[in-house]
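# Inside the fold
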Amino acid sequence: MAQVRLQGLQKVYGSFRAVDNLTLTVEDGEFFALLGSSGSGKTTALRCTAGLEQPTAGQIFIGDQNVTHLPPYERPCGMMFQSYALFPHLSVFDNVAYGLRAQRYRDGGLLDKAAVLGGFINRRLFPADESVRKRVLEALRLVELENQADKSPTQLSGGMQQRVALARALVTEPKVLLLDEPLSNLDRKLRVSMRATIRKLQQSLRITAIYVTHDQEEALSMADRIAIMDRGKVVQLGTPAEIYDRPASAFVADFIGAENILPGRVVSAENGYTLLEVGSLRIRATAKIGATRIRAVIRPQAIRLARADAPMQASNVFDGTVRYGAYLGATARYEVNVGDHLFIVDVPDPRPGALMAPGERIKLGFDADSVILVEDA
Amino acid sequence: MTSGIGAWDRVRRAFSFDNVATVAVLLFFALFLILPFLSILIVSLTGQPVAVLDAFLGFDRAVALWETLATTASLKFYIQIFSFGRYFQALINSVVLGIGVSIACILISMPIAYALARTKMPGRTLIGALCIVPLMVPTFISSFAFILMFGKTGWITQIFAMLGIEELIDIHTPLGIAIVQVFFFFPYALLPMVAVFKTMDPSLEEASYLLGARRFFSFLTTTMPLAAPGIWAGGVLVFVVSLEDFGTPMILSPRGFPLLIVEAYREMVGYFNWGGASVIAVLLVMLSGVVLLVQRRTLGTTEFRTIGGKPAKRELIANPRICIGLLVYSAIVLAIPMLAIYTTALQSFATTWGAQLFPEGLTLRNYAYVFERSAGAIVNSFLLGGAALAISVVLSTLIPYLVVRRGRTSLDYLGFLPLALPGTALAIAMILAFNTPPLQLTGTALLVIMAYVVRRVPYALRSTSASIRTISPDIEGASYVLGAPTFLSLWSVTFPLMLPGIIAGAIMVFLTSIREISATILLAPEDWKPMSLVIFEGLIRGEFYTSSAISMLLILVVMIVQYVVFRLLGDKALF
């Protein structure tokens, strides 16, 4: 197992800087997520680590080894692709055995090489060794597919295909597991269960993992640490809790799903409160900030609603009008007008019959300690 | 901590599979494409053979070559063309014939293409399959069949004579050549046209109906302009094929109608006029080169549109009057080449066949004679075609891999360059390039094989590059990350997935090689004559019955192989 270090990594396509001077250290055994929208450079950084792209500048270390100039087949990495990238002409067994055979081809003598090449022409003449067999079946057992070994991957469902890809990536016991949005082609339910499968395997094997995704929920639920990327640079790096609770910028706040981001300024700071002026609203927050021009970030779940005549206990209470309401099962999402501002509000555990109607006048409130302050860039 | 790359790694990397493969491919084309072309260019200026390769072997030899060039090079052979009436006439004739045949092919194919792509014409699958058949018959066989049908004693001429129409057509004229070429080359125009008619966005035509256009008017004003790229592509292909067609003019040999392709052959074989032959060869190459270049320019963007588009859902025309009309028309057009094959078959079983509708008697003697006397030619065809197939498999697999996956785009051009090389021109160039040491290959079977490979590799490439583009780069990425070095990845992943394309391309090379005549006649040594050459010589010598028998064997082999490929690969094997 090993630490992965990217040092001043840069990848330029023409005039486009896909990865811009990226420096990161992923600790041994850590599950590290690169989170960003498409074009943020996260996939390019991962492909450079795998060796599938040659960086324009910078260095990549895996453990003590500088792998910057090594071809992908000499790096101790396993990889899962968004498209699964299973070999459609090989059985599930042969897909998983591929890495072991490649190892024999690289390390073996001429006879071994010939046997590996021959095996791809006729499997019966060149059957798998007992040790290969055992390791492949063991890997397939880890992903609960030991009964599917003789099938063609094209006969399997998307989720099963992805598990084959996982077994194939792990069977050679790589030091680093690279995952390129492996779950984005699966439906939601499978995605959630595959998250757990991958995370549990990673923890039990104590393998270093780098996980590229654009799905904040995926990153927050799986990773030990997250780097949020934008235009080839890391804009914030931290544990899921740090990123969620203290987004460093409006961009990060927006990316992790804080819907209400209001530009304003600090009026005063006294009695442990920071007083903000956001348009026509006065907002009290407990957070402190050095800047004057700020954005106030308030999560939809942090806001409560009440009938106009009901009492409400909160540091910030405003009168508003419901513009729109949608029943989502576990929550109801409302759009509420307060003055000339629009708030997105998630109310937990709604009664299906008792949604507030558009046009209804209501009270909207949130606590001072739920207001996150970020500098306005 | 290990740093950077060591010296040994540098050496190893320089001899990586990719680099070695690139050099090998470049070397092949340098030797069998660039060098021959350089040789005819030089000979067309000096008028005498020059040992170009020899000049690379030492400084003094290079100096000697340079001195020969400096003293003898002149443009006099080019000037001769434009002053010597016959060459100039040949140039004009070739161009006019090519343009005429192209236009005729486009016009004749258009209704069939429309019927196949847009209507529920009964039997359109069969019609579609039969449309490939004319391409399988070499033109020296079809021309001979035309003589048997439309010649002075031809059986169709007899039928018309009985109806009171004497002198239906004189087949030994420029018009005769044009007719044979039209009926056997029209599929080249048809196939791309079917493709554009199928993929064109139907909503545009529907819009024109809604605007009140009648169907025919809408066809003229909307469909045609939209289909122009496909039509243009087919027309250009027909022009190039007509330009390099050697069989038809040789068999029909019309008096007073010189063509470039025939003149080049005559200068070479008849008069040993190296300079004249080279000049005509250069002209031929430039002519088809320019046309193909223009086509590539104009087609560069449009080809994508036809391949990448979603298959448009459209209502096929079911109007019985339109469908039956188109069916009758298609049947008439296809009847001519089918009758040509029927006539050849009948001739091959005939004892004697004079000016009658049917032969006097039927026999298997012609075939027995063929197996007795020409079995060697059949074997030769398979050996030469098979060798060409094997080499093309290697080239047509490596080139798309290097171009598409490794960005060596210069190789792409090399692979398509030979399209502009008529067989006669290539053969003349190869003879001139390899008739002196250090590589004296003229008169060996190897040179015949190389000519086949160089000429046909573009067709194989078209098929293999299409198939490599369907493989996701991730799949190869996966094999690298799993630890497979380049060669193992190619062997275990890329090649197996390209296999359908490789097979289709290789079979194409084999099939076109065994019916090739224009390069074969100049290059094949006496003991390596393939079927095509034996048939051709037999026809010239007047051995009509046995030649027909070998022709039928040749056509049979082509059809069986083509059918097998069809069953294996479906539509992709069309071109």
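Data block above holds the structure.
What you see is a predicted model, and the numbers here were worked out from it, not measured in a lab. (Residues numbered from 1 in each chain as written. Chains lettered and ligands numbered in written order. Predicted model: local features only at pLDDT ≥ 70, side-chain atom pairs only at ≥ 80, totals over all residues. Heavy atoms only, no water.)

## What to know about the overall build of chain A
Helix and strand counts for chain A come out as nine helices and 20 strands. In terms of overall dimensions, chain A has C-alpha extents of about 85 × 50 × 35 Å along its principal axes. When burial is assessed residue by residue, chain A has 51% of its 377 residues classed as buried. Considering only contacts in chain A between residues 6 or more positions apart, those separated by 24 or more positions represent 66%. Of the roughly 17,100 Å² of accessible surface on chain A, a fraction of 48% belongs to carbon and sulfur atoms. Across chain A, the mean location of the 45 positive side-chain charges is 3 Å away from that of the 42 negative side-chain charges. (Helix = DSSP H or I, 4+ residues; strand = E, 2+ residues; numbered from the N terminus. Buried < 20%, exposed > 50% of the residue type's maximum accessible area, 1.4 Å probe, protein only. Contact = heavy atoms within 4.5 Å. Areas by Shrake-Rupley, 256 points an atom, 1.4 Å probe, with all protein chains shown as cover. Lys, Arg positive; Asp, Glu negative; His and termini not counted. Charge placed at Lys NZ, Arg CZ, Asp CG, Glu CD.)

## Comments concerning the pairing of strand β12 (residues 273-278) of chain A
All names here are of chain A. Every second residue of β12 is oriented toward a common face, the buried set being Thr274, Leu276 and Val278 and the non-buried set Tyr273, Leu275 and Glu277. Both strand β11 (residues 260-270) and β12 contribute to a ladder of five bridges, which runs antiparallel. What sits directly across from Ala269, in β12, is Thr274. Connecting β11 to the antiparallel partner β12 that follows it, the hairpin turn spans two residues, and Asn271 within it adopts a positive phi of roughly 55°. Judged from the five bridges that link them, β12 and strand β13 (residues 281-285) form a sheet pairing that is antiparallel. Note on β13: the bridge partner recorded for Leu276 is Ile283. In textbook terms, the turn of a hairpin is the stretch between consecutive antiparallel strands, and for β12 and β13 this stretch comprises two residues, one of which, Gly279, has a positive phi near 60°. (Pairing = 2+ DSSP bridges.)

## A look at empty space enclosed by the protein
Residue and element names in this part refer to chain B. A complete count under the given rule lists five cavities of 30 Å³ or more for this structure. A volume near 660 Å³ is recorded for the largest cavity. Contributing to the lining of the largest cavity are 35 residues, with Leu135, Tyr188, Arg456, Thr512 and Arg515 lying nearest its centre. Counting residues per element, the ones that place at least two in the lining of the largest cavity are α7 (133-136), α8 (139-150), α10 (174-199), α12 (215-244), α22 (445-469), α24 (486-514) and α27 (544-569). Broken down by element, the lining of the largest cavity gets its largest block of residues, five residues, from α24. Looking at the lining of the largest cavity, its residues break down into 24 nonpolar, five polar and six charged. Of the volumes computed, that of the second largest cavity is approximately 50 Å³. Together, Ser94, Leu97, Ser242, Leu243, Asp245, Pro249, Leu259, Leu260 and Ile261 line the second largest cavity. Elements represented by at least two residues in the lining of the second largest cavity include exactly α5 (85-118), α12 and α14 (260-270). Residue composition of the lining of the second largest cavity, by class: six nonpolar, two polar and one charged. (1 Å grid on protein atoms, 1.4 Å probe; cavity = no way out; pocket = protein on both sides within 12 Å on 5 of 7 lines; lining within 4 Å. Points joined across faces, edges and corners; volume = space filled by probe spheres on them. Nonpolar A, V, L, I, M, F, W, Y, C, P; charged D, E, K, R; others polar.)

## Some thoughts on unusual backbone geometry
Residues and elements named next belong to chain A. Here the phi dihedral of Tyr84 falls at roughly 70°; this positive angle occurs in a residue that is not glycine. Take Tyr84: its relative accessible area is 11%, and that puts it in the buried class. Even without being glycine, Arg231 reaches a positive phi, approximately 50°. Looking at the element boundaries, Arg231 is found in the loop between β9 (225-230) and β10 (233-238). Classification of Arg231 as exposed rests on a relative accessible area of 66%.

## Looking at the pattern of salt bridges
All names here are of chain A. For the structure on display, the rule yields 31 salt bridges over all chains. The closest approach of N and O atoms between Glu181 and Lys42, which form a salt bridge, is 3.4 Å. Taken together, the positions of Glu181 in the loop between β7 (176-180) and α6 (188-205) and Lys42 in helix α1 (residues 42-50) put the pair 139 residues apart, joining distant regions of the chain. Across the salt bridge formed by Arg141 and Glu138, the nearest N and O atoms sit 3.0 Å from each other. On the criterion of helical spacing, the pair formed by Arg141 and Glu138 is a turn pair, its members being three residues apart in helix α4 (residues 130-142). Glu138 sits in the partly exposed class, given a relative accessible area of 38%. (Salt bridge = Lys/Arg side-chain N within 4 Å of Asp/Glu carboxyl O.)

## A look at the interface of chain A and chain B
In this assembly, 33 residues from chain A lie in contact with 27 residues from chain B. Carbon and sulfur atoms supply 69% of the area that chain A and chain B bury against each other, a total of about 2,500 Å² over both sides. Of all residues in chain A, Tyr73, His89 and Tyr98 of chain A give up the largest surface area on contact with chain B, accounting jointly for 22% of the area buried on that side. At the surface where chain A touches chain B, the tally comes to one salt bridge. Among the ionic pairs, Asp474 of chain B bridges to Arg47 of chain A, the shortest N-O distance being 3.6 Å. One can count six residue pairs in polar contact (both at pLDDT 80 or more) joining chain A with chain B. Counting residues per element, the side of chain A that touches chain B draws most heavily on helix α2 (residues 92-107) of chain A, which supplies five residues. Of the residues assigned to the side of chain A that touches chain B, the class counts are 20 nonpolar, seven polar and six charged. (Buried area = accessible area lost by both parts, 1.4 Å probe. Polar contact = N/O pair within 3.5 Å; in protein donor to acceptor, adjacent residues only side chain to side chain.)

## What to know about the environment of Leu389 of chain B
With respect to the secondary-structure elements, Leu389 of chain B resides in helix α19 (residues 375-406). Taking C-alpha positions, Leu389 of chain B is 30 Å from Leu334 of chain B, a pair spaced 55 residues apart along the chain.

## Observations concerning the sheet that holds strand β4 (residues 57-62) of chain A
Residues and elements named next belong to chain A. With antiparallel pairing, four strands are arranged side by side in an open sheet as β2-β1-β4-β5. Whereas interior strands pair on both sides, the edge strands pair on one side only; in this sheet they are β2 (16-26) and β5 (65-66). Judged from the two bridges that link them, β4 and β5 form a sheet pairing that is antiparallel. Bridging from a neighbouring strand, Ile62 pairs with Gln65 of β5. α1 contacts β1 (4-13), β2 and β4 of the sheet and is inclined by roughly 115° relative to β1. (Axes fitted to C-alpha atoms, helices over the stretch in contact; angles between N-to-C directions.)

## Some thoughts on the packing of α8 of chain B against helix α26 (residues 531-541) of chain B
Residues and elements named next belong to chain B. Running from amino to carboxyl end, α8 crosses α26 at an angle of 30°, the nearest separation of the two axes being 10 Å. Comparing their axes, α26 and α8 come out roughly parallel. Handedness of the crossing formed by α8 with α26: left-handed. In contact with Phe140, Ile141 and Phe144 of α8, α26 contributes Ser532, Ile535, Phe536 and Leu539. Residue composition of the contact of α8 with α26, by class: six nonpolar, one polar and no charged. (Parallel < 35°, antiparallel > 145°, perpendicular 65-115°, else oblique. Left-handed = near helix turned anticlockwise from the far one by under 90°.)

## Focus: the sheet that holds strand β19 (residues 361-366) of chain A
Backbone hydrogen bonds hold the strands of a sheet together, and the pairing may be parallel or antiparallel. Residues and elements named next belong to chain A. Read across the open sheet, the five strands follow the order β15-β19-β16-β17-β18; overall the sheet is antiparallel. At either end of the open sheet lies a strand with only one pairing partner, and these are β15 (304-307) and β18 (341-348). Across the sheet, the axes of successive neighbouring strands diverge by a mean angle of 45°, strand direction being ignored. Pairing of strand β17 (residues 331-338) with β18 involves eight bridges; the strand directions are antiparallel. The residue of β18 that forms the bridge with Arg333 is Asp346.

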